[in-house]
Amino acid sequence: MRIISGKYGRRRFEVPTNIKARPTTDFARENLFNVLQNLIDFEGLKALDLFAGTGAISFELASRGCSRVVTVENYPVQYRFICKVAEQLNAQEIRPIKGDVFHFVPACREKFDFIFADPPYDLPRFAEVAPMVLQADLLNPGGIFVLEHSKHYDFSSLPGFDQQRVYGSVHFSFFLKPAEE
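Every chain is numbered independently, its residues counted from 1 as its sequence is written. It should be noted that, the model being predicted, local features are given only for residues of pLDDT at least 70 and side-chain atom pairs only at 80 or more, the latter also being counted only at that level, while totals for whole chains, interfaces and linings use all residues. Values shown for side chains rest on all heavy atoms present in the structure; no hydrogens or waters enter the calculation.

A. Examining the sheet that holds strand E4 (residues 112–117) more closely. Reading across from one edge, E3-E2-E1-E4-E5-E7-E6 is the order of the 7 strands in this open sheet, with mixed pairing throughout. Strand pairing shows two members of the sheet lacking a second neighbour, strand E3 (94–98) and strand E6 (161–167), which therefore form its edges. The sheet shows a mean angle of 15° between the axes of neighbouring strands, taken without regard to direction. As paired strands, E6 and strand E7 (residues 170–176) are joined by 6 bridges and run antiparallel to one another. Each bridged residue has a counterpart across the sheet, and for Tyr167 the counterpart in E7 is Val170. One requirement defines pairing of two strands: DSSP has to find at least two bridges between them. Here a strand is any run of E in DSSP of at least two residues, a helix any run of H or I of at least four, and the numbering for each starts at the N terminus. For helices, the axis comes from a line fit to the C-alpha atoms of the stretch in contact; other axes are also lines fit to C-alpha atoms, and the angle between any two N-to-C directions lies between 0 and 180 degrees.

And the structure:
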């Protein structure tokens, strides 16, 4: 796993071979952050990474200046890897949570400026993730929610849908919460 940019940029970490995650490719992640840096300033933001996997998105967010990154991962191998990397980086802004996203989201009372979700593509409840996150009202006004998914899903009819970006086989759907007037 490679952190692309920011204060932890260019650092590489060996991912355990028994990890169950399908990490977002470096190509897709780099393009995602190129789009995001034109939409938001990461400095001081609060972010939430759901189905965090290796934590690559979380570490990229922290590296680019987010002050708090809550990282939710259910699988023990991935969770331990995230904790280990956060400790090696002394990344105080990373807050790993070992838990099920379907329990965490409805119970969460914290608001975030940016939310990223990368559920396993074969997750039986995949189609429920975006509506659940949007209905939980976890975004601050002006916040952005990005869902990574395969070509088999279309979320354009959901409230707040803004755009979809495609990088190879990876699709990102962007949802915006309007800023308060």
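From this point, the discussion proceeds with the structure in view.
B. Expanded view of the packing of aromatic side chains. In this analysis, rings of Phe, Tyr and Trp, with Trp reduced to its six-membered ring, are considered paired at centre separations within 6.5 Å, and the interplanar angle assigns stacked below 30 degrees, edge-to-face beyond 60, and tilted for intermediate values. Scanning the model with the defined rule gives 10 aromatic pairs in all. A ring pair is formed by Phe27 and Tyr167, whose centres lie 6.2 Å apart and whose planes are at 85°; its orientation type is edge-to-face. In this pair, Phe27 is assigned in helix H1 (residues 26–36) and Tyr167 in strand E6, connecting sequence segments 140 residues apart. Look at Phe27 and you get exposed, because its relative accessible area is 52%. Relative accessibility thresholds used throughout: buried, under 20% of the residue-type maximum; exposed, over 50%; partly exposed, between the two (1.4 Å probe, protein chains only).

C. Layout of the side chain of His171. Counting through the fold element by element, His171 comes out in strand E7. Residue classification places His171 among the buried positions, given a relative accessible area of 10%.

These values are about where atoms sit, not about what they do.
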